[in-house]
Amino acid sequence: MEKTIQDKFELTATEIDRSVDATAELLAEQKIDSKDALRLRFLLEETILNYRDELSEKAVASLRFSRFFGTFRISLRVKGESYDPFREEDDSDTSVMGSLLANSGSLNRAWRYRNGSNFVTFTATKKRRISQIVLILLGILIGAVVGSLFTLIAPDTAPVVAERIITPLTNAFTGLLCVMATLMCFGAIVLGIVRLGDISTFSNIGKRMIRSFLLVSFVLTLINTAWMVPGMTFGGSSQVSIDFFDFFDIMIDFVPHNIISPLLEFNSVHIIIIGVMFGVTMLKMGQKADRLTEIFDEINVVAILSNSYLNQFISVYVGLMVCGLIMSGQLAVITGFWKLFLIVVAGEAATLIAYTIVVCTRLKVNVRTYLHKLLPSFMISLTSANVGAAFTTTIDTLIGPLGLDADFAPMAYNLGGILFRPGYCIVFTACSLFTADLYGIEVTWVWLLAAFLLSFILSVATPPVVGGTTVCFSILFSQLGIKADALAVIISVNAVFEFLTVAVNNYCLQSQIVLLGNRFGKLDHERLRAS
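What comes next is a walk through the structure. Values in this document were obtained by computation on a predicted structure and should not be read as measured data.

In terms of nonpolar packing, the biggest core is built from 52 residues, with V318, L340, W447, F473, L476, F477 and L480 touching the most fellow members. Sorting the residues of this core by element identifies α5 (158–194), α11 (314–327), α12 (338–362), α16 (422–439), α17 (445–461), α18 (468–480) and α19 (485–519) as the ones contributing at least two each. Ignoring anything within four residues of it in the chain, the contact list for L480 reads S432, W447, A450, A451 and L454. Counting 38 residues, the second-largest nonpolar core is a separate cluster that includes F378, V460, F520 and L528.

In structure tokens, the structure reads:
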């Protein structure tokens, strides 16, 4: 569905008000979440005002609305010179835009310049009547009931139906998830690097922050892998052997041999490596890479929209997988997940405690005082499973009670939000080791190395959209040779883990930023220690 909101209007105050009001009315008619609709209205108005100030009131613009599988897009076209309204600069207008973007929640935006016109798009999703977590749990319940009843009524036919009908359907859907995983991971890596602005961002503090975030994530993943392995039995192999040539081979396999094979084979590791190379090169090219950035933007939008459509069927997919597990006689696979729950909670709790001890000991802060300051943002993240919901509270906490520099804190938080997600390191590591243990996967040191590296890489490359972890689990399991049956179970279990994981990510990121602020002289120690 496509509709023109206002066509060929000049950027006068009257026309701007009329176009923004018409957009707000249309969003209300389409029953878009009221908070997203309000954010979108403010963003749209500020964007148009920026173009008016940059180009003049005589510039001609057009507004269009489109809908695709529950995702809504507002498209603004402004004729004139190239101007990116989202580029950060040091003036009052962009500080307003920066504040709006920081609080944009689940909204996505994109800008490109083509054929003498600026194209700006905002996308939002129609509010769900039932949350996805509820739908997944409902899918599990229905799948379990249907599978149990079918097994009781036709015990001889049930395994055949599971093998010949349910398994092919779920395998096909898994393949679609892998396709989207390829596009989304590649886009997230390339655009994440390009949107840092320019290569100078890597210098001085920026480069050191990036190195710090990645190093800590690497170490946390290594530590979690080390302490989790002794608790597993790995029924498929009673011993693990160290083979230097196997180790060497896997290192060589991580290097892409060409640009085509990774795309055809959906080899995520190669795609991520190529994405990093593309992103850094495009960042160095600056404006010369603008056209290429536009292409990646378009690919990323298509992938996100397609994934949003697939995501609507996740509950059905999970239900079919559970049903197939019961009908095929693999009910035991679903049981025993209490061990995984304990492993994840223990890993997340240990990480929180470790960060609290390090910060409070190194900076001489009272533990109770420190926890009290971080509790509001932690609880918002914990109850919403959405770090965007806690964004404003988090920034206010960093700049206020935690005593960080007002310019340093937002930059560090935005950069860390892309590169530093220790909660995912723990979940990916625990789930890969647990499912290998549960399914009797033969585990060697080579396999463990692959699980460790994939968990680290995917914690950084997780797409920042709904279903992003689902995409990464499909990559993780396919690369490690874990059965597709395990994917649906882990997706359903992760629906519960997600609340704790997002909260842990936010808590650890704030703590890491405090430590970095102390290192770079951007921290007010008196304010941090104040009750």
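A few words on the packing of α16 against α17. Direction vectors running N to C along α16 and α17 enclose 150 degrees, while the axes themselves pass 8 Å from each other. Where α16 crosses over α17, the two elements pack in a sense that is right-handed. Contact residues: Y424, C425, F428, T429, S432, L433 and A436 in α16; W447, L448, A451, S455, L458 and S459 in α17.

Across all of its chains, the model carries 3 salt bridges by this definition. Close ionic contact of R18 with E15 constitutes a salt bridge, the shortest N to O distance being 3.1 Å. Within this pair, R18 and its partner E15 are both found in helix α1 (residues 13–29), separated by 3 residues, close to a single helical turn. A salt bridge links D53 to R52, with the nearest nitrogen and oxygen atoms 3.4 Å apart.

It is worth spelling out unusual backbone geometry at this point. Only a minority of non-glycine residues have a phi that is not negative, and only a minority of peptide bonds are not trans. Of note in the backbone geometry, S56 takes a positive phi value of approximately 115 degrees without being a glycine. Examined against the element boundaries, S56 turns out to sit in the loop between α2 (34–55) and β2 (60–68). Located in the positive-phi region is K364, a residue other than glycine, with phi close to 55 degrees. Within the secondary structure, K364 sits in the loop between α12 and α13 (367–384). The exposure class assigned to K364 is exposed, which follows from its relative accessible area of 65%.

Calculation notes
- Every chain begins its residue count from 1, and numbering advances along the sequence as written.
- Confidence filtering applies because this is a predicted model: local features only for residues at pLDDT of at least 70, side-chain atom pairs given and counted only at 80 or more, and all residues used for totals across whole chains, interfaces and linings.
- Each side-chain value is worked out from all heavy atoms of the structure, with water and hydrogens disregarded.
- Definition used in this section: a nonpolar core is a set of buried Ala, Val, Leu, Ile, Met, Phe, Trp, Tyr and Cys residues joined via side-chain atoms within 4.5 Å.
- Between buried and exposed lies partly exposed: a residue is buried under 20% and exposed over 50% of the maximum accessible area for its type, with that area taken using a 1.4 Å probe on protein chains only.
- The helix count covers DSSP runs of H or I at least four residues long, the strand count covers runs of E at least two residues long, and both are numbered beginning at the N terminus.
- Throughout, a residue-residue contact means that at least one pair of heavy atoms, one from each residue, lies within 4.5 Å.
- Axis lines are fitted to C-alpha atoms, over the contacting stretch for helices. Their N-to-C directions set the angle, which ranges from 0 to 180 degrees.
- Two helices that cross are described as forming a left-handed crossing if the nearer one is turned anticlockwise from the farther one by less than a right angle, and a right-handed crossing if clockwise.
- Every case where a carboxyl oxygen of Asp or Glu lies within 4 Å of a side-chain nitrogen of Lys or Arg is listed as a salt bridge.

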